[in-house]
Amino acid sequence: MKQFFQRAAGIAAAAALLATAPLSQAHEYKLGQLEIGHPYARSTVPGQPAGGAYFSIENKGSAPDRLVALSSPVAKTTEIHTMAMEGNLMKMREVDGGLEVKPGQKIAMQPGNGYHIMLMGLSKPLKAGDKVPLTLTFEKAGKVDVTVNVEDAAAAGKDDMKGHMHH
Ligand SMILES: [Cu+2]
């Protein structure tokens, strides 16, 4: 697994420079005091082992919560990743212990920087227009099922798509 991330890191660096948010119809989900906004994933090409998924989490409550697990039938494993500068390289790594959302905080995942969800071991390519089920588990609020809209990665820039090819 370590090797996998090291190989991915260099490619991910290029993606960071080219990120733009795709335009599409918004959809959102509520779970207690949490709001999950517009889950979407980037389309992948055949043979691509992993894809990125993104959404926003807003905590409207007065206590922190934590996204601790995710699962999807299209991926063998699903991880929360963060991208950060290490020296002069942008690297992605798994977030240890889940992703905390503080009261009043809104975390907006996006391609190229900050957090994203990595769908690893895809059973088939994600095609633009596909709808993919994803289950989010929060430490306190529990589980919520959302629908991830697959959007055309090429529409946001070819180089950005390459950034998530992971090989
Ligand atoms: Cu990743």
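Conventions and cut-offs
Residues numbered from 1 in each chain as written. Predicted model: local features only at pLDDT ≥ 70, side-chain atom pairs only at ≥ 80, totals over all residues. Helix = DSSP H or I, 4+ residues; strand = E, 2+ residues; numbered from the N terminus. Buried ≥ 20, exposed ≤ 12 C-beta atoms within 10 Å, placed from the backbone. Contact = placed C-beta atoms within 7 Å. Core = buried A, V, L, I, M, F, W, Y, C linked by C-beta atoms within 7 Å. Pairing = 2+ DSSP bridges. pLDDT = per-residue confidence, 0-100.

1. Quick notes on the overall build of the chain
If you tally the helices and strands in the chain, you get two helices and 11 strands. The order of helices and strands in the chain, counted from the N terminus, is α-β-β-β-β-β-β-β-β-β-β-β-α. Split into buried and exposed, the 167 residues of the chain put 33% on the buried side. Summarising the internal contacts of the chain: among those between residues at least 6 apart in sequence, 72% fall at separations of at least 24.

2. Examining the nonpolar core
Core analysis: the largest hydrophobic core is formed by 27 residues, its most contacted members being Ala41, Ala53, Leu119 and Val148. Beyond its immediate chain neighbours, meaning those up to four positions away, Val148 contacts Pro39, Tyr40, Ala41, Ala53, Val132 and Leu134.

3. Structural notes on the pairing of strand β5 (residues 75–86)
The pairing of β5 with strand β9 (residues 114–122) spans eight bridges and is antiparallel. Bridging from a neighbouring strand, Thr82 pairs with Tyr115 of β9. Summarising the sheet, β5 and strand β6 (residues 89–94) pair through six bridges and their orientation is antiparallel. Along β6, the bridge assignment pairs Glu86 with Leu89. Hairpin connection of β5 to β6: two residues between the antiparallel strands, including Gly87 at a positive phi of 65°.

4. Details of the environment of Leu134
With respect to the element layout, Leu134 can be found in strand β10 (residues 131–138). Look at Leu134 and you get buried, because 23 C-beta atoms sit within 10 Å. Each residue touching Leu134, except ones within four places of it in the same chain, is listed here: Pro39, Ala53, Leu70, Ser72, Val146 and Val148.

5. Examining the confidence of the model for the chain
Regions with low pLDDT should not have their predicted coordinates read in detail. Per-residue confidence for the chain gives a mean pLDDT of 84; residues scoring 70 or more make up 77%. Below pLDDT 50 for its whole length, residues 12–22 participates in 33 contacts with residues either more than four positions away or in separate chains. Contacts for the low-pLDDT stretch residues 157–167, under 50 throughout, to residues beyond four places or in other chains number 30 contacts.

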